[in-house]
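Chain and residue survey
In case you want the letters, here they are:
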Amino acid sequence: EAMKNLASRFRYIKFLKIKSTQAIENWPEKNLPTIFVYEKGALKFQMMTLNKVGGKTANVNDFEWFLASNGVIHDSELTENPRSLGDPKQVKKWNGSRRRSDDDDDDDVNEDSD
């Protein structure tokens, strides 16, 4: 579900889903899920299992942060790793609350020069 969300938001990235046995013969089930990232036909990096993104509690923000921090997503609105913000069980509740605002400057103050 997280990858479907990212695929719809970052359309310049091609996300593919394939059964492991069809992708690589005899790929060990203990390595699943596995993410391979290619750039210009060359393997850039791979991630085996969910350990690097929070394990079984991983959500879309965790995957987005991982891909952004590895140079795959260039326009993420996340400003910090969601896992560094506290209890990993609470990450789902943040659901993007640690994203850049479109209006981060201080021009909200009304300054009258009268």
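Our subject is the structure listed above.
Below: a short report on this structure. (Residues numbered from 1 in each chain as written. Predicted model: local features only at pLDDT ≥ 70, side-chain atom pairs only at ≥ 80, totals over all residues. Heavy atoms only, no water.)

1. Description of the overall build of the protein chain
A count of helices and strands for the protein chain gives four helices and two strands. Starting at the N terminus, the α and β elements of the protein chain follow one another as α-α-β-β-α-α. Put simply, the protein chain has 114 residues, and 28% of those count as buried. Partitioning the contacts of the protein chain with sequence separation of at least 6, the portion at a separation of at least 24 is 39%. For the protein chain, the exposed surface amounts to about 8800 Å²; the carbon and sulfur share of it is 46%. (Helix = DSSP H or I, 4+ residues; strand = E, 2+ residues; numbered from the N terminus. Buried < 20%, exposed > 50% of the residue type's maximum accessible area, 1.4 Å probe, protein only. Contact = heavy atoms within 4.5 Å. Areas by Shrake-Rupley, 256 points an atom, 1.4 Å probe, with all protein chains shown as cover.)

2. Things to note about helix α3 (residues 60-69)
With seven of its ten residues buried, α3 lies for the most part within the structure. Among the residues making up α3, those that are buried are Val-60, Asn-61, Asp-62, Phe-63, Glu-64, Phe-66 and Leu-67. At the N-terminal boundary of α3, the capping side chain belongs to Asn-59, with an oxygen 2.8 Å from the backbone nitrogen of Asn-61. Just beyond α3, the residue with positive phi is Gly-71, at close to 80 degrees. (Polar contact = N/O pair within 3.5 Å; in protein donor to acceptor, adjacent residues only side chain to side chain.)

3. Observations concerning the packing of aromatic side chains
Applying the stated criterion across every chain, the model contains three aromatic pairs. Both rings, one in Trp-27 and one in Phe-36, keep their centres 5.7 Å apart while their planes meet at 65 degrees; by these two values the pair is edge-to-face. Owing to a relative accessible area of 30%, Phe-36 belongs among the partly exposed residues under this scheme. The interplanar angle of 80 degrees and the centroid separation of 5.6 Å between the aromatic rings of Phe-45 and Phe-66 together place this pair among those described as edge-to-face. Highlighted residues: Phe-45 in strand β2 (residues 42-48) and Phe-66 in helix α3, separated in sequence by 21 residues. Look at Phe-45 and you get buried, because its relative accessible area is 14%. We classify Phe-66 as buried; its relative accessible area is 10%. (Phe/Tyr/Trp six-rings, centres within 6.5 Å; stacked < 30°, edge-to-face > 60°.)

4. Quick word on the layout of surface pockets
The volume enclosed by the largest pocket comes to roughly 1300 Å³. Mapped onto the lining of the largest pocket, the elements with two or more residues apiece are α1 (2-9), α2 (20-23), β1 (34-39) and α3. With six residues, β1 is the single largest residue contributor to the lining of the largest pocket. (1 Å grid on protein atoms, 1.4 Å probe; cavity = no way out; pocket = protein on both sides within 12 Å on 5 of 7 lines; lining within 4 Å. Points joined across faces, edges and corners; volume = space filled by probe spheres on them.)

5. Digging into the pairing of β1
One ladder, built from six bridges, connects β1 with β2; its direction is antiparallel. Bridge pairing in β2 links Thr-34 to Met-48. (Pairing = 2+ DSSP bridges.)

6. With respect to the nonpolar core
Counting residues in hydrophobic clusters, the biggest one holds 16 residues, and the most contacted among them are Phe-63 and Leu-67. Secondary-structure elements contributing two or more residues to this core are α1, β1, β2 and α3. Element by element, the count of residues in this core is highest for α3, at four residues. Not counting residues within four places of it along the chain, the set of residues in contact with Leu-67 comprises Leu-6, Phe-15, Val-37, Phe-45, Val-72 and Ile-73. (Core = buried A, V, L, I, M, F, W, Y, C linked by side-chain atoms within 4.5 Å.)

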